[in-house]
Structure formats: C-alpha cells, structure tokens
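# What the coordinates show
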Amino acid sequence: MGNPKSNTLSNKQQAVIYILISAFGFATMSMLVKLSGDLPVMQKSFFRNFIAALVALVTIKKAGTSLAVKRENVGGMLARSIFGTVGMVCNYYSVQYMILPDSTILAKLSPFFTILYSWFLLREKVNRRQWAAIFISFFGCVLVIQPSFSSGQVFPALIAILGGVTAGIAYAYVRFLTQRGEDKAVIIFYFSTFSCLVSVPFMIVGFAPMTLFQTLALIGAGIAAAIGQFGMTNAYARAPGRFLGPFEYSQLLFSAIYSFFIFSEIPTAIGLVGYAIILVVSIWMLKSGD
C-alpha cells in the first residue's frame, strides 16, 4: 500500500484549487453584473454584498464561530473592508462601461500590489522567479485582450486600475488577518456587511426600478461573489500572494469564455497564445513547490 500522505494535498495545492474557484466565482459575478444592465453601481453593490453577508453569516452560525474580532486585528479588518469596498465599486463601474476582458485584465493588476503590500505588511520575501512569473502572466493577459482604449474608455480604464490597486491591498490584509487567527467566514462577513452599509445611502437616493431578469441577475451575482470571496479567503489563508498571483489570472480565461458564449466576442489567435502563456506559467508555479 502507498503512503497515505501522498494522497494529501499540500497547503499550496489546496490554495490553487481555492483560487481557481475564486476566479470562476468572480468572473461569473462580473458577467452577471454586466448582464444586469445600466443600473446604479451602488445598487449593484448592495445586492452583491447583502447576499454574500447572509451566506457568510449562515456559515458562521453553523460552525458555531464567534463574530468577535481580536482587538489587535480591528484595524486590519477595517482596512480590508475599506480597500475591498473601493476595489469592488471600481470593478463594477469598469465592468459596466468596458468590455468584460478589458476590465478584468486591469483589475488583475491586483497581484502586483498584493505582493508589494505583503512585503510591506507581512515581510514576505519575493524572489526573481516569482516576479518573473507575475510579469510573464501579465504579458499573457495583454496578449489575450490586446487593449486599445478609445478616448471614451480612458476614465473607466483608470477606475479599473484603481480597483486593481485597492483589491491587491485588500487581499494582503486577508492574509494578514488569517495569519493572526481570524476566521475566514468572519472576515467575509464584516467586509460584505461594511460594503452593504456603505451602499445603502447611495442606493436609497438613486434607486432605479429593476425588471425580474435584472433582479435575478444581481441575486446570482451575489451568490457568485460569495463563492469568489470564500475561494479567495481560503486561498490566501494557505499561500502567500507571491505564489498565488499567476493563478489569479485564470479569471481572465473564464471571462473570455463568457465573452465568447454570452457577448459574442471571438478570441484572436494572439489571444489564444496569451491563454497558453497563463496556463503554462501557472502550472510551472504549482510544480515548483515554492
């Protein structure tokens, strides 16, 4: 009989599975948000976070986990919630006004800032090969979308970049909090609740009536966002941002699939080369064991 340990996934292998689940969840969320049409961004934000908060709360109650946060972690929890909320709102805005893969690639600047902020916050070292993997993956993403922004796309593109920066910092705080003993579902609950409360005043002032389809799309986006949040939080609890960065780009692959089948956007031959680069680098990072 073989060694039973050989059948056990390492923390990093589990982290890869979780980050792929997260990528699928967030890509699905963005697709559904785009399908919901021209609704106020904060209204979309409210539905997404309300459902995610409910899912997290049910998970916490079933596990019998306390909602209390350690005093020394309150600042980190607030920072995760603020940066995460800004990143989410920026993402929703860019998805509404840009092609889905374009907004996705700019949002995927986040691994760069996760690495930089993890170095600052957690003192995690980054070697040359890890930097190379991130930059090569990003180059693959550029090949996929071949961005050429018209004048009307400049502002949404800048908003998408801001979203990538703030999301990257938020992910660093997720790892910071999990390393200091905070429960993953509790982190998701407080972030989702904070974002939901921030959205309420804006939604009340500028509420737009919704069709049944739009309502179902936003409910679905909330469920997909919850899947993305749980996947991301579990991934960063198991591995550092410098390792997970290339795998985050898998969200672009899911977005491209949605773009093809739902929005009738056909990938180019150069784009397919980009997909191959992303997959090869991700497999390389997984096999390296670093």
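Scroll up to find the structure this text is about.
In what follows, the accompanying structure is described. The structure displayed is predicted, hence computed values, not measured ones.

What counts, and at which threshold
- Residues numbered from 1 in each chain as written.
- Predicted model: local features only at pLDDT ≥ 70, side-chain atom pairs only at ≥ 80, totals over all residues.
- Heavy atoms only, no water.
- Helix = DSSP H or I, 4+ residues; strand = E, 2+ residues; numbered from the N terminus.
- Expected span 1.5 Å × (residues − 1).
- Bend = angle between axes of the 7 residues up to and from the residue.
- Buried < 20%, exposed > 50% of the residue type's maximum accessible area, 1.4 Å probe, protein only.
- Contact = heavy atoms within 4.5 Å.
- Polar contact = N/O pair within 3.5 Å; in protein donor to acceptor, adjacent residues only side chain to side chain.
- 1 Å grid on protein atoms, 1.4 Å probe; cavity = no way out; pocket = protein on both sides within 12 Å on 5 of 7 lines; lining within 4 Å.
- Points joined across faces, edges and corners; volume = space filled by probe spheres on them.
- Nonpolar A, V, L, I, M, F, W, Y, C, P; charged D, E, K, R; others polar.
- Phe/Tyr/Trp six-rings, centres within 6.5 Å; stacked < 30°, edge-to-face > 60°.
- Lys NZ or Arg CZ within 6 Å of the ring centre and 35° of its normal.

For helix α8 (residues 184–205), which comprises 22 residues, the first-to-last C-alpha distance of 33 Å matches the rise-based estimate of 32 Å (1.5 Å per residue) to within 8%. Taken as a whole, α8 carries its principal kink of about 30 degrees at serine 199; the proline proline 201 stands between one and four residues after it. Every buried residue of α8 is listed here: Ala185, Val186, Ile187, Ile188, Phe189, Phe191, Ser192, Ser195, Cys196, Ser199 and Met203. At its buried positions, α8 is contacted by α2 (41–63), α3 (74–97), α7 (154–179) and α9 (212–238). The distance from a side-chain oxygen at the start of α8 to the backbone nitrogen of alanine 185 is 3.0 Å, and the residue carrying that oxygen is aspartate 183.

It is worth spelling out empty space enclosed by the protein at this point. Rolling a probe over the atoms, with the probe sized like a water molecule, indicates the empty space that remains. Taken as a whole and judged by the stated rule, the model has 2 cavities of 30 Å³ or more. Quantified by volume, the largest cavity comes out at close to 280 Å³. Surrounding the largest cavity, 22 residues form its lining, Gly87, Met88, Asn91, Ala167 and Tyr171 being those nearest its centre. Those elements that place two or more of their residues in the lining of the largest cavity are α1 (11–35), α3 and α7. Classifying every residue of the lining of the largest cavity by side-chain character gives 10 nonpolar, 9 polar and 3 charged.

Turning to the packing of aromatic side chains, a few remarks are in order. Taken as a whole and assessed by the stated rule, the structure comprises 11 aromatic pairs. Summarising the aromatic geometry, the rings of phenylalanine 189 and tyrosine 190 are spaced 5.3 Å apart at their centres and angled 70 degrees between planes, so their arrangement reads as edge-to-face. Judged by relative accessible area, tyrosine 190 falls into the partly exposed class, the value being 28%. Between phenylalanine 260 and phenylalanine 261, the ring centres sit 4.8 Å apart and the planes meet at 85 degrees, which makes this aromatic pair edge-to-face. Take phenylalanine 261: its relative accessible area is 65%, and that puts it in the exposed class. Chaining the aromatic ring pairs together yields one cluster made of Phe46, Phe47 and Phe50. The ring of phenylalanine 243 carries lysine 12 above its face, with NZ or CZ at 5.2 Å from the centroid. For arginine 80, the ring lying beneath its charged end belongs to phenylalanine 191, and the centroid distance is 4.1 Å.

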